[in-house]
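So you can see what is in the structure, the chains are spelled out below.
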Amino acid sequence: MDIRNIFLIVCFLLDFLLAIIVYRNNPRRETNISYSLLALWAGLWSLGIAIFRTSINFSTQLFWNREFILAAALIVSSFLHFSFVYSAKETEKKLKNWQRFLIYFPNIIILGAVLTPSVLIEDIKIRDWGNESILGWGYIYYGIYFVFIWTLGTVNLIRKYIKAQGIFKAQLQYILTGLTISVIIGATFNLIFILLGNYKWIWLGPYASFIFVLSTSYAIIRYRLMDITVVIGKTAVYFLSFATIIAIAFSFFYLNEKLVSPLPIYFTGPLIIIVSIFLFQFFFKFYEKIASRYFYYSFYSYQKVLTDLGKNLVKVLDLKELSSLIVKTLIETMKLDKTVILLREEKTKDYQILKNIGFKEENGISLVKDNFLTHYLERTQRPLILEELSLIIKDAKDEKEREKFKSLQSHMRKIEAALCLPLLIEGKIIGMIVLGNKISKEPYSVQDIELLIALANHSSIALYNARLYSQLQDLSQNLQKKVEEQTRELREAYEELKVLDKAKSEFISMASHQLRTPLTAIKGYLSMILEGSYGKLPEKVKEKLENVFYSSERLIRIVNDLLNISKIELGKMELEKTPTNIEELIQSCYEELKLEADKKKLNFIFEKPKEPLPEVEIDSLKMRQVIMNLIDNAIRYTQKGSIEIKAEKNNSFILISIKDTGEGLNQEELKNIFEGFTRGTAGIDLFIEGAGLGL
């Protein structure tokens, strides 16, 4: 075979392999689809020309002549498609179906022109240098269409290149360079020369795809173009696994043939297939381990790493244990030589080393001393990769910032740091993970970076929570000490108060006893004077003495209340329980206070129970005091309306209720009704003489 045709077949194979690898990396991404189609048509273009040049049969020549003309048209359509969807953003631009239709529809017209005699191909002649296609009248329009579409796609990419920065700009640079050189060579020998009547050099055009493959491959390796290095590694493992299985299968067949009585093929064939299926997974894992262990090639499942880390992170709250878990995950997943986790103090904004593997202690902290890196990562919210710093320096517009980046680049190289990963909470940096190089010296892929960002998000939350937990523990310990100190002081104060309170209660009890005796005597003598035991009193004097008598009664009640309070507080209150008819007790209170209610013209009602109430074991005198207090309060603070008293059996209890239409208490006052010497605002306004001791 002609050496030129062999090179054309090699071009086809390289383009075809590139198409498969790019597509396999992400079959759902439109950028990958359009780019793999571009590589595929370029390969089929080379293949078509190779077969056309070697064919001697007219129908075969015509078929492959049509094939490579149509393939060339599809190349520019795919290129235009790629120029629209290729983007530096996280989410690529997706075209609508009608837009895709407009891009690829002209190829249907070209197919019709190719199949119609004399439009694009008039005849095919065999020359001494090879086969020659005699072009039809429509080929000039085909050439114009080709140039127009390629120009439109190139303009799209150039516009994106002008606006682009960093790694995206570098990717575009190599894509544009490779494609431009390829199209210039291809258009020169496969369009311009042909239109000028020189068909002899047609085989040179497809060689330009070598440049296309080389520039693309460099962009893949150097600038993570579509991140297909992982796919290449996986493909190599798959290839070795398949090759091993095929070799084993052939060995079985060979050994079977050497047997004295070879086993029939219908038995050995299915058996070897079944064994191969089971062995494939074994060899795949085997080669994957070899690649990982000896070549330090990292194979990992994105979801599995995140799931496993997520499960472990929620179990750990200790900062040291948590940092060890994160570092271990990073080193094992990425096959790193070194990494360090730095945590930023909330108040001082200084960084502290949380976990360090591989870096020198002073180097681990040196990157963040001037806060330039911190401000940059906080602004971009993205990892900083050493290999991209050259592009960032080139794009920097401010000279001072450019010098800062240069200094940072030099520093990262010096300490062998390859990537700085920010730990962010609500857009603010709480720490940083600095990663060294992969042991394999392989660059960080797009998949690696996406995984690292996801890991950083998980780790940021976990580390933030762990730090809060640590602070809470410290606070709890300090608080415990303070509580113990305060408790001791309160206990001492309480003991003092108990002594004072006891002294107060004893004083009140003593004073009440001392007051009650003379007050009883005063009341007795006043009663006798008012009854005329010492002679008839003038009306004016009698009226004044009655006031004194009522005041002495009120004073005796207050003294009795104080005496009761002191007994309660000293624990000396004794209950004298006797069987009591509660209905009769209420009735006597009702009759005693009815006169007061009638004076105020109140509707005073005692609603007796439907069924007789049972006798109860109570201190009747104290219960009478309780009921009298409640009814007396109702009468005092009700200006008009009614007072209703009820008593009824409620399960194993007797419920006594007094309902009135008086002023009542607000919610705040209700909280304090059983506190000594406290009264509601209505009580103070309507009855100023109350002491607040009744309840």
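Residues numbered from 1 in each chain as written. Predicted model: local features only at pLDDT ≥ 70, side-chain atom pairs only at ≥ 80, totals over all residues. Heavy atoms only, no water.

Caption draft 1: Structural detail: the overall build of the chain. Helix and strand counts for the chain stand at 22 helices and twelve strands. Within the chain, the proportion of its 695 residues that are buried is 40%. Excluding contacts between residues fewer than 6 apart, the proportion of contacts in the chain whose partners are at least 24 apart in sequence is 67%. For the chain, the exposed area adds up to about 40,500 Å²; of that, 60% sits on carbon and sulfur atoms. (Helix = DSSP H or I, 4+ residues; strand = E, 2+ residues; numbered from the N terminus. Buried < 20%, exposed > 50% of the residue type's maximum accessible area, 1.4 Å probe, protein only. Contact = heavy atoms within 4.5 Å. Areas by Shrake-Rupley, 256 points an atom, 1.4 Å probe, with all protein chains shown as cover.)

Caption draft 2: Structural detail: helix α5 (residues 106-115). Inspection of α5 places N107, I110, A113 and V114 among the buried residues, and these make up the whole buried set. Angularly, the buried residues of α5 cover 115 degrees about the axis, an arc narrow enough to put them on a single face. Exposed residues on α5 whose side chains face more than 90 degrees from its buried face are I108 and I109. Packing partners of the buried residues in α5 comprise α3 (58-85), α4 (97-104) and α6 (139-163). (Arc of directions from axis to C-beta.)

Caption draft 3: How the structure looks around a negative patch on the surface. Together, E484, E485, E489, E492 and E496 line one region of the surface with negative charge. On the basis of relative accessibility, which here comes to 54%, the residue E496 falls in the exposed class. (Patch = residues over 30% accessible without salt bridge, like charges linked within 9 Å, V, L, I, M, F, W, Y side chains within 5 Å. Salt bridge = Lys/Arg side-chain N within 4 Å of Asp/Glu carboxyl O. Lys, Arg positive; Asp, Glu negative; His and termini not counted. Charge placed at Lys NZ, Arg CZ, Asp CG, Glu CD.)

Caption draft 4: Broad picture of the packing of helix α19 (residues 582-599) against helix α20 (residues 620-636). Two elements in contact, α19 and α20, have axes whose closest approach is 10 Å; the angle formed by their N-to-C orientations is 35 degrees. As α19 packs across α20, the resulting crossing turns out to be right-handed. Touching I582, L585, I586, S588, C589, E592, L593, E596 and A597 of α19 are S620, M623, R624, I627, M628, I631, D632 and I635, all from α20. Split by residue class, the contact of α19 with α20 holds eleven nonpolar, two polar and four charged. (Axes fitted to C-alpha atoms, helices over the stretch in contact; angles between N-to-C directions. Left-handed = near helix turned anticlockwise from the far one by under 90°. Nonpolar A, V, L, I, M, F, W, Y, C, P; charged D, E, K, R; others polar.)

Caption draft 5: Main features of the sheet that holds strand β7 (residues 428-435). Sheet architecture is open: five strands sit in the order β4-β3-β7-β6-β5, paired in antiparallel fashion. The open sheet has two edge strands with one neighbour each: β4 (351-357) and β5 (384-385). In the sheet, strand β6 (residues 419-425) pairs with β7 via seven bridges, with the strands oriented antiparallel. The residue bridging C420 from the neighbouring strand is V434, located in β7. (Pairing = 2+ DSSP bridges.)

Caption draft 6: Seen up close, the packing of aromatic side chains. Throughout the structure, instances matching the rule amount to 13 aromatic pairs. Arranged with centres 4.6 Å apart and planes meeting at 20 degrees, the rings of Y590 and F604 form a pair that is stacked. In this pair, Y590 is assigned in helix α19 and F604 in strand β9 (residues 603-607), connecting sequence segments 14 residues apart. For the residue pair Y590 and F604, the accessibility class agrees, reading buried in each case. The rings of F79, F146 and W150 are connected pair by pair, giving a single aromatic cluster. (Phe/Tyr/Trp six-rings, centres within 6.5 Å; stacked < 30°, edge-to-face > 60°.)

Caption draft 7: A nonpolar patch on the surface, seen in detail. A cluster of nonpolar side chains, contributed by W98, F101, L102, F105, I108 and I109, occupies part of the molecular surface with about 660 Å² of accessible area. No other element matches α4, which puts three residues into the nonpolar patch. Using a relative accessible area of 52% as the deciding quantity, one classes L102 as exposed.

Caption draft 8: A look at the nonpolar core. Counting 55 residues, the largest nonpolar core has F68, I69, L120 and Y142 as the members making the most contacts within it. Secondary structure elements with two or more residues in this core: α1 (3-25), α2 (30-54), α3, α5, β1 (121-127), α6 and α7 (166-195). At 14 residues, α3 tops the list of elements feeding residues into this core. Setting aside its immediate chain neighbours within four residues, I69 contacts V114, L120, I121, Y139 and Y142. In terms of nonpolar packing, the next biggest core, distinct from the first, is built from 31 residues, V327, I385, I430 and A456 among them. (Core = buried A, V, L, I, M, F, W, Y, C linked by side-chain atoms within 4.5 Å.)

Caption draft 9: Region of interest: the sheet that holds strand β11 (residues 642-650). Here we have three strands laid out as an open sheet, ordered β9-β11-β12, and mixed in their pairing. Both outer strands of the open sheet, β9 and β12 (653-660), are each paired with one neighbouring strand and no more. Here the strands of the sheet are splayed against their neighbours by 10 degrees on average, with no regard to which way each runs. Pairing geometry for β9 and β11, over five bridges, is parallel. Across the sheet, residue N603 finds its bridge partner in β11, namely S642. Lying over the sheet, α19 contacts β9, β11 and β12, oriented at roughly 175 degrees with respect to β9. Across the face of the sheet, α20 comes into contact with β9, β11 and β12 while running at roughly 20 degrees to β12.

Caption draft 10: Layout of the pattern of salt bridges. Taken as a whole and assessed by the stated rule, the structure comprises eleven salt bridges. Here R100 and E30 are joined by a salt bridge, their closest N and O atoms 2.8 Å apart. Separated by 70 residues along the polypeptide, R100 in helix α4 and E30 in helix α2 bring together distant segments of the chain. Overall, R100 belongs to the partly exposed group, its relative accessible area being 26%.

Caption draft 11: Fine view of the environment of Q625. Mapping Q625 onto the fold places it in helix α20. As a C-alpha pair, Q625 and C589 span 36 residues in sequence and 9.2 Å in three-dimensional space. Non-local contacts of Q625, meaning those with residues more than four positions away in its chain, are made with D561 and N564.

Caption draft 12: Representation of the packing of α3 against α4. At a minimum axis distance of 9 Å, the contact between α3 and α4 shows a crossing angle of 145 degrees. Where α3 abuts α4, its residues L74, S77, S78, L80, H81 and F84 lie against R100, I103 and Y104.

Caption draft 13: View of the environment of S276. Relative to the elements of secondary structure, S276 occurs in helix α10 (residues 265-294). Classification of S276 as buried rests on a relative accessible area of 15%. Sequence-wise, S276 and F242 are 34 residues apart; in three dimensions their C-alpha atoms are separated by 9.2 Å.

Caption draft 14: Geometry of unusual backbone geometry. Positive phi, close to 75 degrees, is recorded for S118, a residue that is not glycine. Within the secondary structure, S118 sits in the loop between α5 and β1. Residue S118 is classed as partly exposed on the basis of its relative accessible area, which comes to 30%. The phi dihedral of Q381 is positive, around 60 degrees, even though this residue is not glycine. Relative to the elements of secondary structure, Q381 occurs in the loop between α14 (372-380) and β5.

Caption draft 15: Representation of the side chain of S36 in the model. Here S36 is to be found in helix α2. Apart from residues no more than four positions distant in its own chain, S36 is found in contact with A19, V22 and Y23.

Keep in mind these numbers describe shape, not what the thing actually does.
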